[in-house]
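Listed below are the residues making up each chain.
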Amino acid sequence: MSEFFTEAVLIATIASGIRFAVPLLLAGLGEAYGQRSGVLNLGVDGVMLLGAFGGYYTVLKVGNVWIGLLAGLGVGLILGLISAFITVTLKADQGISGIGVFLFGLGMSDLLFQRLVGTPRFIDTFPRIEIPLLGDIPWIGEMLFRQNLVVYLAFLAIPVSMVVINRTTFGMKIRAVGENPEAADSLGVSVAKVRYATMLIGGTLAGVAGAALAIDLGIFQQNITNAQGFIAIALVYFGAWRPLGVMLGALLYGFVNSLVIQWKTLGIITDSWSDFAAMAPAIITILALVVVATRFRAPSALTKPFERGE
Amino acid sequence: MAVFAVVAVIAAACGSDSESAPEGFRIGIVAPSASNDLAFTQSIVDAANALAGDPEILITDGTFVVEDAATAIRGYAADGVDLVIAHGSQYGGSVEQIAQDFPDTIFAWGTAADTFGLPNVYAYEAASDEGGYVMGVMAAALSETGNIGIVGPIEVGDAKLYVDGFKAGAESGGANVSVVYTGSFSDVALAKTSAEAFASQNVDVMSGTAQMVVGAVGVAVTEDILWFGTQSNQSELGDIVVASQVYKWEVVLEQILADINDGVKGGRVYEVNLENGGEVIEFNDDFDLPGDVKSLGEDAIDGIKDGSISTS
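Thresholds applied
- Residues numbered from 1 in each chain as written.
- Chains lettered and ligands numbered in written order.
- Predicted model: local features only at pLDDT ≥ 70, side-chain atom pairs only at ≥ 80, totals over all residues.
- Heavy atoms only, no water.
- Helix = DSSP H or I, 4+ residues; strand = E, 2+ residues; numbered from the N terminus.
- Rg over C-alpha atoms; globule rule 2.2 N^0.38 Å.
- Buried < 20%, exposed > 50% of the residue type's maximum accessible area, 1.4 Å probe, protein only.
- Contact = heavy atoms within 4.5 Å.
- Areas by Shrake-Rupley, 256 points an atom, 1.4 Å probe, with all protein chains shown as cover.
- Domains from an automatic or database assignment.
- Buried area = accessible area lost by both parts, 1.4 Å probe.
- Salt bridge = Lys/Arg side-chain N within 4 Å of Asp/Glu carboxyl O.
- Polar contact = N/O pair within 3.5 Å; in protein donor to acceptor, adjacent residues only side chain to side chain.
- Expected span 1.5 Å × (residues − 1).
- Pairing = 2+ DSSP bridges.
- Axes fitted to C-alpha atoms, helices over the stretch in contact; angles between N-to-C directions.

**Observations regarding the overall build of chain A**
Next, step 1: Each helix and strand in chain A was counted, giving 13 helices and 2 strands.
Next, step 2: Radius of gyration (C-alpha) of chain A: 20 Å, near the 19 Å computed for a compact globule of 310 residues.
Next, step 3: C-alpha atoms of chain A, sized along the principal axes, occupy 65 × 45 × 45 Å.
Next, step 4: Counting the 310 residues in chain A, one finds 54% classified as buried.

**Remarks on the overall build of chain B**
Next, step 1: For chain B, the count of helices and strands is 10 helices and 12 strands.
Next, step 2: For a compact globule of 312 residues, the expected C-alpha radius of gyration is about 20 Å, and chain B comes in at 20 Å, within 12% of that figure.
Next, step 3: C-alpha extents for chain B along the principal axes are approximately 55 × 50 × 30 Å.
Next, step 4: Contacts in chain B between residues far apart in sequence, at least 24 positions, make up 69% of those at least 6 positions apart.
Next, step 5: Accessible area for chain B stands at about 11,400 Å²; split by element, carbon and sulfur atoms hold 48% of it.

**Concerning the domain arrangement of chain B**
All names here are of chain B.
Next, step 1: Per the domain assignment, the segments making up chain B are domain 1 (2-127 + 248-272) and domain 2 (128-247 + 279-306).
Next, step 2: Placing the centre of domain 1 and that of domain 2 at their C-alpha centroids yields a distance of 28 Å.
Next, step 3: Counting residues at the interface gives 15 residues for domain 1, matched by 20 residues for domain 2.
Next, step 4: Buried surface at the junction of domain 1 and domain 2, both sides included, amounts to about 1,400 Å², of which 60% is carbon and sulfur.
Next, step 5: Among the residues domain 1 hides against domain 2, the three largest losses belong to Leu 38, Ala 127 and Lys 248. Together they make up 47% of the total.
Next, step 6: Inspection of the region where domain 1 meets domain 2 yields 1 salt bridge.
Next, step 7: Between Glu 282 and Lys 248 there is a salt bridge; the shortest N-O distance is 3.4 Å.
Next, step 8: In this assembly, domain 1 and domain 2 are joined by 7 residue pairs in polar contact (both at pLDDT 80 or more).

**Structural notes on helix H11 (residues 243-266) of chain A**
All names here are of chain A.
Next, step 1: With 24 residues, H11 should cover 34 Å at 1.5 Å per step; its first-to-last C-alpha distance of 34 Å lies within 8% of that length.
Next, step 2: Across the 24 residues of H11, 18 count as buried, placing the element largely inside the fold.
Next, step 3: Where H11 ends, the next residue or the one after it, Gly 267, has phi of about 80 degrees, a positive value.

**Quick notes on the sheet that holds strand E12 (residues 279-283) of chain B**
Hydrogen bonds along the backbone pair up the strands of a sheet, which may run parallel or antiparallel.
Residue and element names in this part refer to chain B.
Next, step 1: Read from one edge of the open sheet, 6 strands run E7-E6-E8-E9-E10-E12, paired in mixed fashion. A single partner strand is all that each edge strand has here, and the edge strands are strand E7 (176-181) and E12. Neighbour-to-neighbour, the strand axes of the sheet open up by a mean angle of 15 degrees, direction not taken into account.
Next, step 2: Of the pairings in the sheet, the one linking strand E9 (residues 226-231) to strand E10 (residues 241-247) comprises 5 bridges and is parallel in character. Bridging across to E10, Gly 229 finds its partner in Ser 244.

**Considering the interface of chain B and chain A**
Next, step 1: Taken together, the contacts link 36 residues of chain B with 30 residues of chain A.
Next, step 2: Taken together, the two surfaces of chain B and chain A that pack against each other cover about 2,700 Å², and 54% of this comes from carbon and sulfur.
Next, step 3: Between chain B and chain A we count 2 salt bridges in total.
Next, step 4: With its nearest N and O atoms 3.0 Å apart, the salt bridge here joins Arg 19 of chain A to Glu 196 of chain B.
Next, step 5: At the boundary of chain B and chain A, one finds 12 residue pairs in polar contact (both at pLDDT 80 or more).
Next, step 6: At the level of elements, E7, helix H7 (188-200) and helix H8 (214-223) of chain B are the ones that each hand at least two residues to the side of chain B that touches chain A.

Structure representation (structure tokens):
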């Protein structure tokens, strides 16, 4: 166990945990916007997959990671628009349509990869940016302040989202539409417009999450997200539909994953316990979810399509 | 005449290069990952394409979901494909059921050693511990810190054999070897996290197996850690790749074709290994491997072939 408490190992554990958490954080945050307005989007993982391929392929062709990230953003925006059209305009069942979007993303991202790329090839990854002064703090500096720009932006999105949801007119409309769309509609709020807006935000952030994942890994392969989109949805429940809660959930999941792997490599977790340890992140998340579920309630209109005059 | 017969049997057993597929022969391959994955699936696709006789090769790849694979396997059988290859140990249950419904179709599945007692099913496997051992010996010689890390998927089958062999080889050279099984064949992010953990522990040589290892290779490239690959030649992943254990499944496929030409439709288990040429160590031309290290590897190959070295 003493090997774990060395500077290099502790720093790597925390830094990996943060990196692991970022795609979950971005996708979960986007999903939180949608759910606060009453829309459950189970297609997050599919959007992430296509965003991942879009980002990867763009970097492969253009050689610029930021243009790649923008490509992922664009893919997410388009899929967010399609998802909104299906669930808001066509009023399709949110669960089924979300699964459809996921399967579309899973299959299409693999098909595009096979046809356009073929053999896996590495791409450039995000450069690390050291925050002046903060990056020089012993241990803490290397753990927290020598990350790539996407990490900083993802965590910056938390306070921004808290302000948007809790302190702006737009945020008030989101909450109103999610809790009582009929009342919001009677006050002149366009439920459809608000839900379109949150779905676009959600799709965009999911696309960025996927692109960030692929560019951070420097590679793409089939099902590269490995269900991170679904974990992000669970983290929205875990976080009680609050940006800060989503962040805490993503960090918990990331740190537990990183810790388990680090302990496995050090032999602290023996082979016989290895499989149980691999389940630890999911088990801890589920336990926390149960605790949260007993203390907070979901938006009242979640998963319910809005029909004026009902 | 008797001498000729013995030679013919030995040639067949060793997988004669001249064994050709019958005219109009069709082979259907069902495999879990992409046919150009530089790993498990590509190895069987490359082997089928290398067969003489120009058989028609049909491929359904990316069937991570067993039910999807079962549909493809049954589809090939119903379509009259002569040899259906189910390239994944997870497909065993499907092969066992479908092979009974299509007794005139020949099935091969691996990596496994069970034909279910069916006369139209072949099984094939790899002695991946052998190549793993050889590369472990070279890894220990190349490591300056003496710390080596291996990233595996799930502790079963071919992956476990390779990891165990590599570990044994590296430990025979005095290296300190750490192994981590991520619990997934496909989670690239976890493979990367594992490699980052190794990097923080002063590991300077790594290896790994299964489709998700690209995540670990990426870290190896970034951190300038040497890498040993398996299942397919991974040299194009970068100049940190020292060597790769490559499966030449054509050795197995040629044995099966020889059987078919002799009227045998299954019920046999074949293996690729260093001795029969089904496993070879391919070196990366872009990596400047010291001659003495290469000699250690070649000595290990000879030792395994003549039985003087045990990989366990």
